[in-house]
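Here is what each chain is made of, one letter per residue.
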Amino acid sequence: KIIGTKGSQIAEIRSRSGAQVDVDKSASSCRVRLVGTQQQVDNARAIIAQLMLPVAGVGQEGTSGEYLEIPKGSVGRVIGAGGARIQELQERSGAKIDID
């Protein structure tokens, strides 16, 4: 969610905040380093905090969101071949599913 497709989210955070944003992904976590003026770092931190909020339907009443921890070894099974399984889950449930 923080990195985005092909780094698009990171690029936007950099552009909007003016801070240098570096991401170090490990097997168990993701470390984000922010460098810049205090104002730039604060802006980047606020943007990232917004991204980390549970995903609720923007402007849609009665929607909610939550995060589930899935072991790395099981992510492929949830996504399925060519994304078929996750698409099926979204269609059957009516929920939007994002995997980071």
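That block above? That's the structure.
About the cut-offs
Residues numbered from 1 in each chain as written. Predicted model: local features only at pLDDT ≥ 70, side-chain atom pairs only at ≥ 80, totals over all residues. Heavy atoms only, no water. Core = buried A, V, L, I, M, F, W, Y, C linked by side-chain atoms within 4.5 Å. Buried < 20%, exposed > 50% of the residue type's maximum accessible area, 1.4 Å probe, protein only. Helix = DSSP H or I, 4+ residues; strand = E, 2+ residues; numbered from the N terminus. Contact = heavy atoms within 4.5 Å. Axes fitted to C-alpha atoms, helices over the stretch in contact; angles between N-to-C directions. Parallel < 35°, antiparallel > 145°, perpendicular 65-115°, else oblique. Nonpolar A, V, L, I, M, F, W, Y, C, P; charged D, E, K, R; others polar. Salt bridge = Lys/Arg side-chain N within 4 Å of Asp/Glu carboxyl O.

1. Description of the nonpolar core
Working step 1: Membership of the largest hydrophobic core is limited to eight residues, which are Ile10, Ile13, Ala19, Val21, Ala44, Ile47, Ile48 and Leu51.
Working step 2: Elements supplying a minimum of two residues to this core: α1 (8-17) and α2 (38-51).
Working step 3: If one sorts the elements of this core by residue count, α2 sits on top with four residues.
Working step 4: With near-sequence residues (within four places) excluded, alanine 19 lies in contact with Arg14, Val35, Gln40, Val41 and Ala44.

2. Structural notes on the packing of helix α3 (residues 72-79) against helix α4 (residues 84-93)
Working step 1: Contact geometry of α3 with α4 gives a least axis separation of 5 Å together with a crossing angle of 70°. In terms of their interaxial angle, α3 and α4 are classed as roughly perpendicular. Contacts between α3 and α4 involve Arg77, Val78 and Ile79 on the former and, on the latter, Ala84, Arg85, Ile86 and Leu89.
Working step 2: Here the contact of α3 with α4 is composed, by residue class, of five nonpolar, no polar and two charged.

3. Considerations on the pattern of salt bridges
Where side chains of opposite charge bring their charged atoms close, a pairing between them can arise.
Working step 1: On inspection of all chains with the given rule, the structure shows six salt bridges.
Working step 2: As a salt-bridge pair, aspartate 22 and arginine 14 come within 3.9 Å of each other at their nearest N and O atoms.
Working step 3: Taking relative accessible area as the criterion, aspartate 22 reaches 24% and is therefore assigned partly exposed.
Working step 4: With a closest N to O distance of 3.5 Å, aspartate 42 and arginine 45 form a salt bridge. Of this pair, aspartate 42 and arginine 45 both sit in helix α2, three residues apart, which is roughly one turn of that helix.
Working step 5: By relative accessible area, which is 32% here, aspartate 42 ends up partly exposed.

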